[in-house]
Each structure stands twice: as structure tokens, then as C-alpha cells.
Amino acid sequence: MQEFVDLGRQPTANGFLLPEEVDREFFFRLAVGVCELCTMVQLLEEVPQDLRYHGSYRYHASGSASHREHFAANARRFMATELTGADPFIVEIGCNDGVMLSTIAAAGVRHLGVEPSANVAELARAKGVTVLSEFFDQATATAIRAEHGPADVIFGANTICHIAHIGSVFQGIDALLGPNGVFIFEEPYLGTIVEGNAFDQIYDEHVFYFSVTSVQAMAEHFGFDLVNAEHIAMHGGEIRYTLARKGARKPAAAVNELLADELTRNLSEPETFAQFGRNVERIRHDLLAVLNKIKSDGKTVVGYGAPGKSSTVTNYCGIGTDLVPFVCDSTPAKQGHLVPGSHLPVRPPTAFADPYPDYALLFAWNHAEEIMAKEQAFRDAGGEWILFVPEVRVL
Ligand code: SAM
Ligand code: TMP
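Description of the structure in this document. Just so you know, these numbers come straight off a predicted model, no measurement behind them.

1. A word on the packing of aromatic side chains
Under the counting rule described, the total for this entry stands at 21 aromatic pairs. Ring centres 5.4 Å apart and planes at 35° place the aromatic pair F185 and Y241 in the tilted group. Taken together, the residues span a long stretch of sequence, with F185 in strand 8 (residues 177-188) and Y241 in strand 11 (residues 238-245) at a distance of 56 residues. The buried category is assigned to F185, whose relative accessible area is 0%. For Y241, a relative accessible area of 0% gives the class buried. With centroids separated by 4.9 Å and ring planes inclined at 50°, the aromatic side chains of F352 and F378 adopt a geometry described as tilted. You can see F352 sitting in the loop between strand 14 (346-347) and strand 15 (359-362) and its partner F378 sitting in helix 13 (residues 376-380), a full 26 residues away along the chain. Here F352 and F378 have matching classes, each one buried. Aromatic rings pair up to connect F170, F183, F185, F208, F210, F222, F224 and Y241 into one cluster. Note that K309 overlies the ring of W365, its terminal NZ or CZ placed 6.0 Å from the centroid. The ring of F326 has R347 lying over it, and the distance from NZ or CZ to the ring centre is 4.3 Å.

In C-alpha cells:
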């Protein structure tokens, strides 16, 4: 494994905490490397999964309108294309608050969500979704197969790259997937992260950073074919991978096209990763320069959005309340808590206009369009947005 970026001592990125909990906070070294043999990019230090996923997990997938629309469209697509036989069955790994499966449940299609974080699993159940509150692995999958029979679709979004025991996941897919079933997963794309300098996508939950090249190698290693790969616009740029049992389906032309494209772009080359490491250092330097200037000019700045990404940026750059006094976020479960590590207080969006600051540091930059449209009054009042990916800009 060749290390190429070290983002320092970091907490768990969704470990939003109360002021009285700060002395018990967990930290680890957040560094990423690439495997010279299979090209898989991954964290060098792993955080135990029960520290990341538990009964107070704070990421709620239904928090944004674009996510709700995306996953409802996915559900409709699965029902129109894959769930067309007699009594079809779909399993979602990491169904969270039921953002996708609620549409499937409403249509009366047989389904099961596998979701270890009990609080979000409960939110899914309240939407009529059937949920098994466990970690997906070989044992869970074998038990599901015994009880429900084979799955036509096994789906995961922003979840498969979170699971360090990936070998056991694939053994589970092998146990559960029907002979002509598909394993579909949508995950942040290494190309988007590396070429877009999106270093804030790197945090404890993102154990793997998939590319078409590394996913194909992984699929083959575990006895599956990569039969499709499609760019999708979620989280700033992801890829939806479709895997099938060996020889069961003809791969789409897109697979070879995207593999060739990654080769042309040198996506697995050491120099690409080394350049990324240098770019990340430059962003830290430039962002601190902007924030320090705002402070010395006596102007005000507030953070906007407290995604897991905001933990990586604030902790790597050393941004504390002296530079950004608080962050606004629409997730009720984050409000009243502190951003992990940097301890910026999280307040409801109403705090943003009370009064408007001079600048807003947009941590949730992947929702820029939705947020900037919603907060047009901030712009009208003379406010400016600070973005830091792919480079620091004030708009
Ligand atoms: N699928 C939703 C989406 O795309 O917005 C939620 C993604 S969330 C970032 C990752 C989810 O995966 C969490 O709800 C977490 O509890 C769940 N998860 C983590 N490890 C898992 C595992 N081994 N099996 C099933 N779910 C898991
Ligand atoms: P995500 O990028 O992981 O979806 O997280 C986005 C975060 O930004 C999440 O905590 C919710 C927050 N957010 C707002 O506060 N206001 C908004 O309008 C949107 C879209 C997101």
C-alpha cells in the first residue's frame, strides 16, 4: 500500500457530540493509500464499525430534496426493469431512513432493508419499510436467504465503500443473489475526488474510494462480472456499478469505455495521487488565508451545512470557533451538537439570517444549487459564498 495523503488526527466524521462529551472523543490518523497490485484506494487506519454505526447515527438520507427524488427514481427504475418477475425481492444494504425502500414498500413489492444504525432503521420502519437492524455480511446474508429466498436486486448507496469487511460482503452477495440477479451500488467516484480535489470526501466512513478499474478487479476477485458502470450526479459525482454472476449478463459497452477513460486520465498512476496530495495542502493554505483575512477585517462568517465532510475540512485545516463561530444545518439531530473534533456548534438554518453574516463557508457544496437558490436573500443582502473545492473561491 502506497500512502499519498495524510489528513492528520481526526474524529469520526458523523460523531456529532454534546459539549459534555468532548473529553471522551475518539481520534485516529486519517490517511489514504493505493494498493499497487489491485489499484484499490483505501484508508490506512480503520475505525471499528460499531463506533461509526449505532443507535445515534446522525446521517439521515432523506434530508435533501434532491436525494429523495434520486432514490424514488431509483426505486421506480428497479421496479420497471429488474423486479418484473413473479413475487420479486429486493434487499438494500444500508437503507438508512428508508429514502429508497419507502417507494418500493408503498408499491407492495417484497423487500428488506439491512440497517445497523437502529435510530435510522426505526425511521424507515415508520415509513412502512421492513428492516433488519444488523450489519450486512456473510452470516446475515445467509440467514436472509434461508428466510426469504434469493434476491433479484441487492442495492447499496453510499454504503458498500463504508464496509471494511468487503470479502464477507461479497460472500454474502454470493449466498443471497439469485442466478440472474444484480448487485447494484452507487458510491463516490475516485475520479471526482482526485480530479476535483474533493479531499473532504475522505473520512472514517469512506473506507474505499472506488474507480471502475478497482471495482472490476474486486468483482473478478470475488467471482462476479462488472456489467455496467454509469456516472451519476449524486454527492458531487458518483458511479453506479452493476455486478452480476460470472457469465450471467453481457457487459454494457460503457464498462470498457470507462476503463479506457481511466487509463487515459492516469487515474491509477502514483503521480496523480502525489499531485492530489499537493493540491490538498494548497487548499488548506488558501482557505486559512481567506478566513484569517475576514477575521482581521472585522467581518463575519458562518458555516453552511454540517455534512461529515465538514469534519474533515475543519480538523485538517485547524478551523475552530475563532475563525468560524458556528455552522447552520437543517438536520434536527445535528442541531445543538458540535462538529466532531473542531467543535463548531451546529445551529438550525434560522440562525443564518439572524443577522446574515458577511460570508458563508459552504461545507455542503454538493448541494450548492439547492442551497444558494433557497438562500437567495443572503446574496441579495450582500453576502458572499466561500467554496474550497476544487479550489478556494469567494462568490
Ligand atoms: N443509502 C443511504 C444514502 O445513500 O443516502 C444511506 C447512506 S449512509 C452514508 C451509510 C449507511 O450504511 C448508514 O445508514 C449505516 O448505518 C449503513 N451501514 C454501515 N455499515 C453497514 C453494513 N455492514 N451493513 C448494512 N448497512 C451498513
Ligand atoms: P450530505 O452532503 O452528506 O447530503 O450532507 C448535507 C448536509 O447539509 C446535511 O447535514 C444537511 C445539510 N443541508 C442543509 O443544512 N441545508 C440544505 O438545504 C441542504 C440541502 C443540506
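Here the narrative resumes, following the displayed structure.
2. Examining the nonpolar core
Nonpolar side chains in soluble globular proteins generally cluster together in the buried interior. By size, the foremost hydrophobic cluster in this structure holds 100 residues, and its most contacted members are F210, Y241, L243, L287, L291, W385 and F388. Per-element accounting of this core gives the leading share, seven residues, to helix 10 (residues 270-296). Of the residues that make up this core, three or more belong to each of domain 1 (40-266) and domain 2 (271-394). Filtering out sequence-adjacent residues up to four positions away, L291 remains in contact with V301, I319, L323, V324, L361 and I386.

3. Looking at the site of ligand 2
In the vicinity of ligand 2, 19 residues are found, and the nearest of them are D329, S330, K334, N366 and K374. A distance of 3.3 Å separates an oxygen atom of ligand 2 from a polar side-chain atom of T331. In the complex, the protein chains occlude 94% of the 490 Å² of accessible area that ligand 2 would expose alone. With three residues, helix 12 (residues 368-374) is the single largest residue contributor to the shell around ligand 2. Grouping the amino acids of the shell around ligand 2 by side-chain chemistry returns six nonpolar, eight polar and five charged.

The rules behind these values
Residues numbered from 1 in each chain as written. Chains lettered and ligands numbered in written order. Predicted model: local features only at pLDDT ≥ 70, side-chain atom pairs only at ≥ 80, totals over all residues. Heavy atoms only, no water. Phe/Tyr/Trp six-rings, centres within 6.5 Å; stacked < 30°, edge-to-face > 60°. Helix = DSSP H or I, 4+ residues; strand = E, 2+ residues; numbered from the N terminus. Buried < 20%, exposed > 50% of the residue type's maximum accessible area, 1.4 Å probe, protein only. Lys NZ or Arg CZ within 6 Å of the ring centre and 35° of its normal. Core = buried A, V, L, I, M, F, W, Y, C linked by side-chain atoms within 4.5 Å. Domains from an automatic or database assignment. Contact = heavy atoms within 4.5 Å. Near = heavy atom within 4 Å. Polar contact = N/O pair within 3.5 Å; in protein donor to acceptor, adjacent residues only side chain to side chain. Areas by Shrake-Rupley, 256 points an atom, 1.4 Å probe, with all protein chains shown as cover. Nonpolar A, V, L, I, M, F, W, Y, C, P; charged D, E, K, R; others polar.

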